[in-house]
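# Close look at the chain arrangement
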Amino acid sequence: MTKRLIVLDTETTGLDVENGHRIIEVGCVEIIDRNITNNFFHCYINPERLIDEQAYQVHGISNEFLSDKPKFYDIHEEFLEFIKNSELIIHNAPFDVGFIDSELEKLQLSEWKLEHHCSVLDSLILARQKHPGQRNSLDALCKRYGVN
């Protein structure tokens, strides 16, 4: 049986979805039977709000750069079609899932919560199990495993 995995990551305007922070970038890479395919989804998104300075320092994506990008509404159908019926691999999954579900709720698509259409594997949990007491950020893991 073919297993379809999607490695997913987002960038956001800040850390707190409850304070109205939004997604500004989403990227997904498809893996089928342990092989990375040429099928991917990537989009910058106009968040319709300003990016916090602390978030800008992390990802370097500016308000000016995003000003002419599509809004989440414009990309949501293609994004949802890409990820549906897959297992999502997300580092610190509650963060990204919370933001995605919030965007869908804003579009009155709350019935489309990720958990109803995809399974989610949190790679941060796996990293903490394999390397207890060590730094397990994506940067630390890439350095540990020699991934550029």
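Below or above, wherever it landed, is the structure these notes cover. Just so it is clear, the structure is predicted and the values come from calculations on it, not from any experiment.

Procedures and definitions
Residues numbered from 1 in each chain as written. Predicted model: local features only at pLDDT ≥ 70, side-chain atom pairs only at ≥ 80, totals over all residues. Heavy atoms only, no water. Helix = DSSP H or I, 4+ residues; strand = E, 2+ residues; numbered from the N terminus. Rg over C-alpha atoms; globule rule 2.2 N^0.38 Å. Buried < 20%, exposed > 50% of the residue type's maximum accessible area, 1.4 Å probe, protein only. Contact = heavy atoms within 4.5 Å. Patch = residues over 30% accessible without salt bridge, like charges linked within 9 Å, V, L, I, M, F, W, Y side chains within 5 Å. Areas by Shrake-Rupley, 256 points an atom, 1.4 Å probe, with all protein chains shown as cover. Salt bridge = Lys/Arg side-chain N within 4 Å of Asp/Glu carboxyl O. Arc of directions from axis to C-beta.

## Overview of the overall build of the chain
Looking only at helices and strands, the chain features six helices and five strands. Seen in sequence order, the chain has helices and strands lined up from the N terminus as β-β-β-α-α-α-β-α-β-α-α. Expected size for 148 residues packed as a compact globule is a radius of gyration near 15 Å; at 16 Å, the chain falls within 12% of this value. In terms of overall dimensions, the chain has C-alpha extents of about 40 × 35 × 30 Å along its principal axes. For the chain, with 148 residues in total, the buried portion stands at 41%. A sequence separation of at least 24 residues applies to 62% of the contacts in the chain between residues at least 6 apart.

## Let's talk about a nonpolar patch on the surface
On the surface, a cluster of nonpolar side chains totalling about 380 Å² of accessible area is made up of Val-7, Val-29, Ile-36 and Phe-40. For Val-29, the location among the structural elements is in strand β2 (residues 23–32).

## As for helix α3 (residues 72–83)
The complete set of buried residues in α3 reads Phe-72, Ile-75, His-76, Phe-79, Leu-80, Phe-82 and Ile-83. Along the axis of α3, the buried residues cluster in a sector spanning 150°; they form a single face. Residues of α3 that are exposed and point over 90 degrees away from its buried face: Asp-74, Glu-77, Glu-78 and Glu-81. On the buried face of α3, the contacting elements are β1 (4–12), β2, β3 (35–44), β4 (87–90) and α4 (93–106). Asn-85 occupies a position one or two residues after α3 and carries a positive phi of about 60°.

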